[in-house]
Amino acid sequence: MVKDNGAPKKDNFTRNLVVAVIVGVVLLMLVPTLLSKKSDNSAALPAIASVEDGYGIAFNADLANAPKIDIYEDFQCPYCAGFEGLTGAYLDELITKKEAKVVYHLMSFIGIESLSAANAAGCAADEGKFLEFHKLLYANQPKSENSGTWTNEYLKAAGQGVGVTSQKFSTCIDDLKYANWSKNIANEAGKKNVNSTPTIFVNGKKIDNAKDLVSLDAFKAVVAKG
Amino acid sequence: MNIWLEKFSPWIGLVFRLILGGVLFAAGYLKVGALDKSQMAVRAYELLPISIANFLGIVLPYVEIVMGLLLIIGAFTKYVAAGSAVIMFVFIIAISQAWARGLTIDCGCFGGGGQVAANETKYLPEILRDAGLVLLSLFLIRYPVTRFSLDKSSN
C-alpha cells in the first residue's frame with residue numbers, strides 16, 4: 001500500500017538529509033584515499049632509489065645493452081629468501097661486473113616488520129651497504145612471518161654487522177624515514193600488476209617462477225635470453 | 001497468492017532489504033581497511049586495464065558501504081536495489097569469465113582475493129550467492145515499499 005498523500009519532497013526530507021550526510025562522509029574518506037594512491041613526489045628517498053624504475057634501489061641503471069632485472073620482494077617472504085639463496089651470488093656478480101641492471105623493489109605488504117626492514121635497507125643504501133645488509137637480513141629471516149623479531153634494535157645491530165654504525169643510520173631507522181618511499185614502491189608495484197613476491201621481470205617481461213626459478217641455470221638462461 | 005503477497009511484501013521486503021544491505025555493507029567494510037588487497041583482487045580478474053582495475057579496487061568498497069547503509073535504513077530502496085542488481089550481475093559475469101578462462105582466483109568479495117590453488121576455487125557457490133542476491137534485489141524493485149524504512153513513498 002502506498003501512502004502518497006503528503007508532498008513527496010517534504011515527506012522525504014529526513015531521508016534525503018540522512019543520505020546526503022552518508023554520501024558526504026564517505027566522499028570525505030574516499031577522495032583523500034584516491035589522492036594518496038598517487039606517488040608522493042616529495043617523499044624522502046634513499047640516494048640510489050630510481051624514480052623511473054618504480055622507486056626501486058637500482059644498480060648499473062645507466063648501463064646500455066645489458067639485461068634489466070627487476071626484483072619485487074618482501075623481506076619477510078620465505079620464497080624471496082629462497083630466491084636470494086638461489087641467485088644472490090649470481091646477481092652480486094652481475095652487478096659488480098656491470099653486466100646487468102638490477103633493481104630491487106622492496107615491498108612491505110606482509111606486515112609492519114617488512115616496512116621496518118625495507119626502511120632499514122634504504123638507510124643502509126645511504127651508507128653504501130645495501131647489498132650486504134639485504135643479504136644479511138634474508139640470511140637471518142625469522143621462521144615465521146610477523147614474529148616480532150625485527151625490532152629497531154635488531155635492525156641497528158644488523159647494520160653494525162655490515163659495518164654501519166653511524167648516528168644517521170640509527171636516526172633513519174628510529175624515524176622510519178623512508179615510510180613514504182615504501183608507499184611509492186607499493187603504488188608503482190600495483191601499477192605493474194605485481195600481486196605476489198617474488199615477482200621478477202627480465203627486460204620488462206615477468207618470468208614464470210615455476211619454470212625459470214627451478215634452478216640457477218634456469219634463471220641464468222632466462223636472463224641471457226633477455 | 002497475490003493478495004497474500006501484497007499484504008506481506010513490506011515485511012518480506014524489510015527482511016530482504018536487511019539481508020542485501022547487510023551483505024553489501026559487510027563486503028565493503030571488510031575491504032575498505034585493506035585497499036591494496038582490494039586492488040589486487042580486481043587486477044586478478046584480468047578483465048580491466050591495470051589503472052582502471054586499481055581505481056575500481058579503491059572505489060568499490062566505498063560504493064558497497066554506501067549501498068549497504070542505504071538499504072539497511074531503507075533510503076531510495078528501489079534505486080539502490082536496482083543498483084545492487086546491476087553490480088551483482090556484473091560480479092556474476094566477472095566470476096564466470098574467470099572460471100571459463102581457467103583463472104584460479106578467489107573472488108575477493110569480502111576481502112582477500114587473488115590467486116589460489118586450482119582446487120580452492122569456489123566459483124559456483126560465489127555465482128549462486130550473487131544470483132540469490134539478484135533475486136532479492138528484483139523483489140525490492142517490484143515491491144519497494146518496506147516496513148521501517150526512511151522512504152516515505154515509493155519514490
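Let me sum up the structure you'll find in this document. (Residues numbered from 1 in each chain as written. Chains lettered and ligands numbered in written order. Predicted model: local features only at pLDDT ≥ 70, side-chain atom pairs only at ≥ 80, totals over all residues.)

Attention now goes to the overall build of chain B. From N to C terminus, chain B includes five helices and two strands. When the helices and strands of chain B are read in sequence order from the N terminus, they spell out α-α-α-α-β-β-α. Against the compact-globule benchmark of 15 Å for 155 residues, chain B has a radius of gyration of 17 Å, which places it among compact chains. If one aligns the C-alpha atoms of chain B with their principal axes, the spans along those axes are about 50 × 30 × 20 Å. In chain B, which comprises 155 residues, the proportion classed as buried is 41%. Expressed as a percentage of contacts within chain B between residues at least 6 apart in sequence, the contacts between residues at least 24 apart total 73%. (Helix = DSSP H or I, 4+ residues; strand = E, 2+ residues; numbered from the N terminus. Rg over C-alpha atoms; globule rule 2.2 N^0.38 Å. Buried ≥ 20, exposed ≤ 12 C-beta atoms within 10 Å, placed from the backbone. Contact = placed C-beta atoms within 7 Å.)

What follows is about the nonpolar core. By size, the foremost hydrophobic cluster in this structure holds 53 residues, and its most contacted members are Val 102, Ala 117, Ala 121 and Ala 124 of chain A. Per-element accounting of this core gives the leading share, eight residues, to helix α4 (residues 112–126) of chain A. Setting aside residues up to four positions removed in sequence, Ala 124 of chain A forms contacts with Lys 129, Phe 130, Phe 133, Gly 159, Val 162 and Val 164 of chain A. Core analysis: the next-biggest nonpolar cluster, separate from the first, contains 36 residues, Met 40, Tyr 62, Ile 65 and Phe 91 of chain B among them. (Core = buried A, V, L, I, M, F, W, Y, C linked by C-beta atoms within 7 Å.)

A separate point is the environment of Val 23 of chain A. Residue and element names in this part refer to chain A. Position of Val 23 among the secondary structure elements: in helix α2 (residues 13–36). Judged by the 15 C-beta atoms lying within 10 Å of it, Val 23 is partly exposed. Distance in space between the C-alpha atoms of Val 23 and Ala 139 is 50 Å, their sequence separation being 116 residues.

Let us now look at the packing of helix α5 (residues 130–139) of chain A against helix α6 (residues 152–161) of chain A. All names here are of chain A. Contact geometry for α5 and α6: axes closest at 9 Å, N-to-C directions at 125°. Taken together, the axis directions place α5 and α6 in an arrangement best described as oblique. α6 is crossed by α5, and the crossing has right-handed handedness. In contact with Phe 133, Leu 136 and Leu 137 of α5, α6 contributes Ala 158, Gly 159 and Gly 161. (Axes fitted to C-alpha atoms, helices over the stretch in contact; angles between N-to-C directions. Parallel < 35°, antiparallel > 145°, perpendicular 65-115°, else oblique. Left-handed = near helix turned anticlockwise from the far one by under 90°.)

Moving on, we come to the interface of chain B and chain A. Chain B puts 28 residues into the contact, and the matching count from chain A is 24 residues. At the level of elements, α2 (35–43), α3 (50–73) and β2 (114–115) of chain B are the ones that each hand at least two residues to the side of chain B that touches chain A. With 11 residues, the top contributor of residues to the side of chain B that touches chain A is α3 of chain B. Taken together, the residues of the side of chain B that touches chain A sort by class into 16 nonpolar, eight polar and four charged. (Nonpolar A, V, L, I, M, F, W, Y, C, P; charged D, E, K, R; others polar.)

Attention now goes to the pairing of strand β5 (residues 199–202) of chain A. Residue and element names in this part refer to chain A. As paired elements, strand β3 (residues 68–74) and β5 share four bridges and run antiparallel to each other. Paired with Tyr 72 across the two strands is Thr 199, which belongs to β5. Where β5 lies against strand β6 (residues 205–206), two bridges are found, and the strand directions are antiparallel. When the bridges of β6 are listed, Val 202 appears paired with Lys 205. Counted along the chain from β5 to the antiparallel partner β6, the turn is two residues long, and its residue Asn 203 has a positive phi close to 55°. (Pairing = 2+ DSSP bridges.)

Right, let's get into α4 of chain A. Residues and elements named next belong to chain A. The end-to-end C-alpha separation of α4 is 22 Å, in line with the 21 Å expected for 15 residues at 1.5 Å each. The buried count for α4 comes to 14 of 15 residues, which makes it a mostly enclosed element. Count one or two residues on from α4 and you reach Gly 128, which has phi positive near 75°. (Expected span 1.5 Å × (residues − 1).)

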